[in-house]
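Spelled out from the first residue to the last, the chains are:
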Amino acid sequence: MAERKTKRIPAVFYRTGSGTEPVRAWLKDLPDEDRRIIGLDIATVEYGWPVGMPICRSIAGRRGLWEVRSSLPGGRIARVFFCIRRGQLVFLHGMLKKTEKTPDSDLDLATKRKKEVER
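Bear in mind the structure is a predicted one, so any value in this text is a computation, not a measurement. (Residues numbered from 1 in each chain as written. Predicted model: local features only at pLDDT ≥ 70, side-chain atom pairs only at ≥ 80, totals over all residues. Heavy atoms only, no water.)

Caption draft 1: The arrangement of the overall build of the protein in detail. Scanning the protein from N- to C-terminus turns up 3 helices and 5 strands. Taken from the N to the C terminus, the helices and strands of the protein come in the order β-α-α-β-β-β-β-α. Computed over its C-alpha atoms, the radius of gyration of the protein comes to 14 Å, within 12% of the 14 Å expected for a compact globule of 119 residues. Taking the principal axes of its C-alpha atoms as reference, the protein extends roughly 50 × 40 × 30 Å. Buried residues in the protein amount to 41% of all 119 residues. A fraction of 48% describes how many contacts in the protein between residues 6 or more apart in sequence connect residues 24 or more apart. (Helix = DSSP H or I, 4+ residues; strand = E, 2+ residues; numbered from the N terminus. Rg over C-alpha atoms; globule rule 2.2 N^0.38 Å. Buried < 20%, exposed > 50% of the residue type's maximum accessible area, 1.4 Å probe, protein only. Contact = heavy atoms within 4.5 Å.)

This is the structure in structure tokens:
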């Protein structure tokens, strides 16, 4: 029987005060193939932490904020921002990139949610 690998750091979704999980909802709205690719990249981080480029990196100038980097069909790029809290990856915000530079508004939202999680 094959040995079952355990997650080094399990993932959870950020939850708003009203109980919604924005990253989970964003993922569910994506096409199946996109969701599969992002899910595999997330699993790579969960099972292989710490993971470096090209799958994962810290965000410069945003202490404690990280991103899972996914390349999707058609040259599209997805990012899922997370922090680490109490031994878990907490997914804070997900987006499809439309420009080379990640918009500050997306980083600001992830940072705001990170501060909520850290309280």
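Caption draft 2: Seen up close, the pairing of strand E4 (residues 76-85). Judged from the 7 bridges that link them, strand E3 (residues 66-72) and E4 form a sheet pairing that is antiparallel. For Ser71, the partnering residue across the bridge sits in E4 and is Ile77. Note: E4 against strand E5 (residues 88-97), 9 bridges, orientation antiparallel. Across the sheet, the residue bridging to Phe82 is Phe91, located in E5. What sits between E4 and E5 in their antiparallel hairpin is a turn of 2 residues, with Arg86 showing a positive phi close to 50°. (Pairing = 2+ DSSP bridges.)

Caption draft 3: View of the nonpolar core. Within the largest apolar cluster, 20 residues are counted, with the highest numbers of intra-cluster contacts made by Trp26, Ile38, Val45, Phe82 and Phe91. Here the element with the most residues in this core is helix H2 (residues 32-48); it accounts for 4 residues. Excluding anything up to four places from it in sequence, Ile38 contacts Trp26, Leu27, Leu30, Ser70, Leu72, Ala78 and Val80. The next biggest cluster of nonpolar side chains, apart from the first, holds 11 residues, and it includes Phe81, Cys83, Val90 and Val117. (Core = buried A, V, L, I, M, F, W, Y, C linked by side-chain atoms within 4.5 Å.)

Caption draft 4: Region of the structure containing the side chain of Asp41. Take Asp41: it is sitting in helix H2. For the buried Asp41, no salt bridge exists, and the shortest N-O distance to an oppositely charged side chain is 7.8 Å, to Arg79. For Asp41, the residues in contact, after removing those within four places along its chain, are Ile55, Val68, Arg69, Ser70 and Ser71. (Lys, Arg positive; Asp, Glu negative; His and termini not counted. Salt bridge = Lys/Arg side-chain N within 4 Å of Asp/Glu carboxyl O.)

Caption draft 5: Structural detail: the sheet that holds E5. An order of E1-E5-E4-E3-E2 is seen for the 5 strands of this open sheet, with the pairing classed as mixed. Strand pairing shows two members of the sheet lacking a second neighbour, strand E1 (11-13) and strand E2 (56-58), which therefore form its edges. Across this sheet, the average inter-strand angle for adjacent strands is 35°, counted without regard to direction. Sheet strands in contact with H2 are E1, E2, E3, E4 and E5, and its direction is about 140° off that of E3. (Axes fitted to C-alpha atoms, helices over the stretch in contact; angles between N-to-C directions.)

Caption draft 6: Main features of the environment of Val80. Take Val80: it is sitting in strand E4. Put simply, Val80 and Ile38 are 42 residues apart on the chain and 8.5 Å apart in space, counted from C-alpha to C-alpha. When residues no more than four places from it in sequence are discounted, the contact partners of Val80 are Val23, Trp26, Ile38, Trp66, Glu67, Val68, Phe91, His93 and Gly94.

That is the geometry; function is a separate question.
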